[in-house]
Amino acid sequence: MFAAKIFTLYPEFFPGLLDIGMYRRAREKKIWSLDVVNIRDFAIDKHGSVDDKPFGGGSGMLMRPDVVNNCIEKNQNDNPIIYLSPKGDKLDTSLVKQFAQQAGINILCGHFEGVDQRVIEKNNIQEISIGDYVLSGGESAAIVVLDAILRTLPGVLGAEKSLDEETFNNNLLEYPQYTQPRNWEGITVPDVLLSGNHAEIKDWRLEQSRSITQRRRPDLWDKYNKKNN
Ligand code: SAH
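Bear in mind that the values here come from a model prediction, so they are computed numbers and not experimental data.

Participant: So what's going on with the overall build of the chain? Residues and values would help.
Facilitator: Each helix and strand in the chain was counted, giving seven helices and nine strands. The C-alpha radius of gyration of the chain comes to 22 Å, more than 25% above the 17 Å expected for a compact globule of 229 residues. Across its three principal axes, the chain shows a C-alpha extent of roughly 70 × 40 × 35 Å. Taken over 229 residues, the chain has a buried fraction of 39%.

Below, the structure written as structure tokens:
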């Protein structure tokens with residue numbers, strides 16, 4: 001069972017989207033578990049304060065290292081801890097696969113202006129970003145990270161092998177896909193897909209993947225060429 005643990009000031013965000021459809025069923029089948037820890041319960045002064053002003057000035061508040069550390073220490077296990085942060089390593093397929101191979105993951109969600117840097121360093125926490133934009137808190141990013149991990153776990157998705165052909169595998173974006181009706185408002189489906197010729201379909205799809213990747217994602221196209229030449 002993949003054990004997800006979340007440290008947050010807003011436990012009411014969870015399980016949220018992860019309590020619906022295949023993720024709910026997978027949790028019932030004990031493919032994964034969720035433990036949500038309220039950081040506020042680990043405040044150490046009598047006012048229950050979790051944040052304070054940044055030294056050196058600047059706007060906003062920072063989460064206190066003593067409170068966050070107390071929370072982590074009291075809930076520790078052997079799984080890696082990540083802190084969601086726009087300054088972190090950018091999440092991609094290979095990181096997702098790495099996380100999914102662990103027995104679980106602990107996710108620290110920031111709020112306000114973030115977390116005092118000392119608690120990140122002391123606990124050897126890897127910082128992970130879900131993209132180059134700033135969110136108001138780590139909770140929505142935690143859902144993104146878990147969504148990306150959980151769907152790769154055996155038994156979660158219906159068709160396991162659909163993962164192999166997806167966007168980002170082999171550094172290519174996915175080819176375009178079509179379903180019924182064959183003729184929709186005068187727009188027809190590419191003939192090759194109706195040919196029943198699996199080798200031709202495969203070639204066509206690879207060519208489409210290559211061309212869309214080259215046009216839209218020069219960064220991936222470079223990686224693809226380095227690996228395939
Ligand atoms: N002052 C910080 C931003 C804080 S945003 C800075 O400029 O770097 C508040 C919290 O939202 C962060 O602590 C983090 O947990 C979360 N967050 C914001 N953007 C994120 C992103 N792109 N990826 C992951 N987490 C993010």
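Participant: Got a sec to walk through the sheet that holds strand S1 (residues 2–8)? Specific residues and values, please.
Facilitator: If you trace the five strands from one edge of the open sheet to the other, you get S2-S1-S6-S5-S7, paired in parallel fashion. Whereas interior strands pair on both sides, the edge strands pair on one side only; in this sheet they are strand S2 (32–38) and strand S7 (126–129). Ignoring which end each strand starts from, the neighbouring axes of this sheet average 35 degrees apart. As paired strands, strand S5 (residues 81–90) and S7 are joined by five bridges and run parallel to one another. The partner of Leu-84 across the bridge, within S7, is Ile-128. Taken strand by strand, helix H5 (residues 138–150) contacts S1, S2, S5 and strand S6 (104–108), and its axis lies near 175 degrees from that of S1.

Participant: Outline the packing of aromatic side chains, listing residues and values.
Facilitator: Applying the stated criterion across every chain, the model contains two aromatic pairs. With centroids separated by 5.5 Å and ring planes inclined at 20 degrees, the aromatic side chains of Trp-221 and Tyr-224 adopt a geometry described as stacked. Linking Trp-221 with Tyr-224, this pair stays in helix H7 (residues 218–228), spanning three residues, or about one helical turn. Cation over ring: Arg-27 sits above Trp-32, and NZ or CZ is 5.4 Å from the ring centre.

Participant: Please set out the site of the ligand residue by residue, giving values where relevant.
Facilitator: Every one of the 20 residues lining the ligand counts as a neighbour, but Tyr-83, Leu-84, Glu-113, Tyr-133 and Leu-135 are closest to it. Leu-135 has a polar backbone atom sitting 3.0 Å from a nitrogen atom of the ligand. Of all the elements in the fold, those that place two or more residues in the shell around the ligand are S5, S7 and H5. With four residues, the single largest contributor to the shell around the ligand is S5. Looking at the shell around the ligand residue by residue, the classes come out as ten nonpolar, nine polar and one charged.

Participant: So what about the domain arrangement of the chain? Which residues, and what values?
Facilitator: The domain architecture assigned to the chain consists of domain 1 (2–150) and domain 2 (167–228). Just the C-alpha atoms count here: the centres of domain 1 and domain 2 sit 36 Å apart.

Participant: Requested: an account of the pattern of salt bridges, with residues and values cited.
Facilitator: Applying the stated criterion to the full structure yields ten salt bridges. Via salt bridges that share partners, Asp-19, Arg-24, Arg-27 and Glu-28 belong to a single interconnected network.

Participant: Quick rundown of the layout of surface pockets? Include the residues and the values.
Facilitator: Put simply, the largest pocket is a space of about 800 Å³. As for the largest pocket, its lining consists of 26 residues, and the residues nearest its centre are Asp-92, Thr-93, Ser-94, Val-96 and Phe-168. Here the residues of the lining of the largest pocket sort into eight nonpolar, seven polar and eleven charged. Each of domain 1 (2–150) and domain 2 (167–228) accounts for three or more of the residues forming the lining of the largest pocket.

Participant: Quick rundown of the environment of Ala-43? Include the residues and the values.
Facilitator: Position of Ala-43 among the secondary structure elements: in the loop between S2 and strand S3 (51–52). Distance from Ala-43 to Gly-16, taken between C-alpha atoms, is 25 Å for residues 27 residues apart in sequence. With sequence-adjacent residues up to four places away left out, Ala-43 is seen in contact with Gly-48, Ser-49 and Val-67.

Participant: Tell me about the pairing of S1, and name the residues and values.
Facilitator: Within S1, six of the seven residues are buried, leaving the element largely enclosed by the surrounding structure. Where S1 meets S2, seven bridges bridge the pair, whose relative direction is parallel. Across the sheet, Lys-5 pairs through a bridge with Asp-35, a residue of S2. Note: S1 against S6, five bridges, orientation parallel.

Conventions used here
Residues numbered from 1 in each chain as written. Predicted model: local features only at pLDDT ≥ 70, side-chain atom pairs only at ≥ 80, totals over all residues. Heavy atoms only, no water. Helix = DSSP H or I, 4+ residues; strand = E, 2+ residues; numbered from the N terminus. Rg over C-alpha atoms; globule rule 2.2 N^0.38 Å. Buried < 20%, exposed > 50% of the residue type's maximum accessible area, 1.4 Å probe, protein only. Pairing = 2+ DSSP bridges. Axes fitted to C-alpha atoms, helices over the stretch in contact; angles between N-to-C directions. Contact = heavy atoms within 4.5 Å. Phe/Tyr/Trp six-rings, centres within 6.5 Å; stacked < 30°, edge-to-face > 60°. Lys NZ or Arg CZ within 6 Å of the ring centre and 35° of its normal. Near = heavy atom within 4 Å. Polar contact = N/O pair within 3.5 Å; in protein donor to acceptor, adjacent residues only side chain to side chain. Nonpolar A, V, L, I, M, F, W, Y, C, P; charged D, E, K, R; others polar. Domains from an automatic or database assignment. Salt bridge = Lys/Arg side-chain N within 4 Å of Asp/Glu carboxyl O. 1 Å grid on protein atoms, 1.4 Å probe; cavity = no way out; pocket = protein on both sides within 12 Å on 5 of 7 lines; lining within 4 Å. Points joined across faces, edges and corners; volume = space filled by probe spheres on them.

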